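Below are the chains, spelled out letter by letter.
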Amino acid sequence: MKIIAVTNQKGGVGKTTTSFHVVHGASEALAEIGSSDMVLAIDLCGQGNLSQFLTGNLEINKNPGGAERLFDLEEGEESPYTDTLLPNVKLLHGHRDLPLLDTDDTLEKAIELRAAIRDLPFAYIIIDTPPALGPRIAAPMLWADEAYIVVEAHLS
């Protein structure tokens, strides 16, 4: 398993675009080798654009019950994952209520969840983070094997 966090505290630098391409690349790589392994995309951004791109549902970001479920999964609970347009990719979708996760309790819970996240049944987990410092950036950084920090080039 590999967990990748795509992050930068600034908006508009291409985090979601990069996340989409990493998800798609992981999906294709698994399919190419004939693997039945799955990819999980976690959209921790309140805009939910990655979720819209992966599902084609422009209203998905209005529906709670997505990425925040990661912080309260119960053992034996039915899968909270949403299907995507890619057959081997599941999603925990982003939505406008995710800023409610930005508390100290969420960060403490994230530390406790590290082992459970690593036990999820996915070959890759790609996490798109919001454009603000806080628990929704810090938690993925605690869980990740790799962090892709997207930067915006400025020509002078």
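A few points on the structure. (Residues numbered from 1 in each chain as written. Predicted model: local features only at pLDDT ≥ 70, side-chain atom pairs only at ≥ 80, totals over all residues. Heavy atoms only, no water.)

Now for the sheet that holds strand β4 (residues 89-92). With mixed pairing, six strands are arranged side by side in an open sheet as β3-β4-β2-β5-β1-β6. Either end of the sheet is taken by a strand with one partner, and the two such strands are β3 (82-83) and β6 (146-149). In terms of strand pairing, β3 meets β4 through two bridges, oriented antiparallel. Note that in β4 the partner of D83 across the bridge is K90. (Pairing = 2+ DSSP bridges. Helix = DSSP H or I, 4+ residues; strand = E, 2+ residues; numbered from the N terminus.)

Inspection of every chain in the model, using the stated rule, returns three aromatic pairs. An angle of 85 degrees between the planes, with centres 5.1 Å apart, marks the rings of Y81 and F122 as edge-to-face. Of this pair, Y81 sits in the loop between α2 (49-55) and β3 while F122 is found in the loop between α3 (104-118) and β5 (124-128), placing the two residues 41 residues apart along the sequence. Residue F122 is classed as buried on the basis of its relative accessible area, which comes to 8%. (Phe/Tyr/Trp six-rings, centres within 6.5 Å; stacked < 30°, edge-to-face > 60°. Buried < 20%, exposed > 50% of the residue type's maximum accessible area, 1.4 Å probe, protein only.)

So, about a negative patch on the surface. Together, D104, D105, E108 and E112 make up a region of like negative charge exposed at the surface. Tracing the chain through its elements places D105 in helix α3. (Patch = residues over 30% accessible without salt bridge, like charges linked within 9 Å, V, L, I, M, F, W, Y side chains within 5 Å. Areas by Shrake-Rupley, 256 points an atom, 1.4 Å probe, with all protein chains shown as cover. Salt bridge = Lys/Arg side-chain N within 4 Å of Asp/Glu carboxyl O. Lys, Arg positive; Asp, Glu negative; His and termini not counted. Charge placed at Lys NZ, Arg CZ, Asp CG, Glu CD.)

We now examine the side chain of S27. Among the structural elements, S27 can be located in helix α1 (residues 15-32). Ignoring sequence-local partners within four residues, the contact set of S27 consists of V39, L86, N88 and V89. (Contact = heavy atoms within 4.5 Å.)

This paragraph deals with the pattern of salt bridges. Tallying each qualifying case throughout the model produces five salt bridges. Here E59 makes a salt bridge to K62, at a shortest N to O gap of 2.9 Å. For the salt bridge of K90 with D83, the shortest nitrogen-to-oxygen distance reads 2.2 Å. The partly exposed category is assigned to K90, whose relative accessible area is 24%.

Bringing the environment of I126 into the picture now. Within the secondary structure, I126 is located in strand β5. Take I126: its relative accessible area is 0%, and that puts it in the buried class.

The volume enclosed by the second largest pocket comes to roughly 160 Å³. Lining the second largest pocket are 13 residues; nearest its centre among them are G12, G14, K15, T16 and Q47. Among the elements that make up the lining of the second largest pocket, the one with the highest residue count is α1 (three residues). Looking at the lining of the second largest pocket residue by residue, the classes come out as five nonpolar, seven polar and one charged. (1 Å grid on protein atoms, 1.4 Å probe; cavity = no way out; pocket = protein on both sides within 12 Å on 5 of 7 lines; lining within 4 Å. Points joined across faces, edges and corners; volume = space filled by probe spheres on them. Nonpolar A, V, L, I, M, F, W, Y, C, P; charged D, E, K, R; others polar.)

In this section: the pairing of strand β2 (residues 39-43). Counting buried positions over the five residues of β2 gives five, a clear majority of the element. Across the two faces of β2 the burial is the same, with V39, A41 and D43 and L40 and I42 all buried. Taken together, the four bridges between β2 and β4 define a ladder with parallel strand orientation. The residue of β4 that forms the bridge with A41 is L91. Here β2 runs beside β5; their pairing, made up of five bridges, is parallel. What sits directly across from D43, in β5, is D128.

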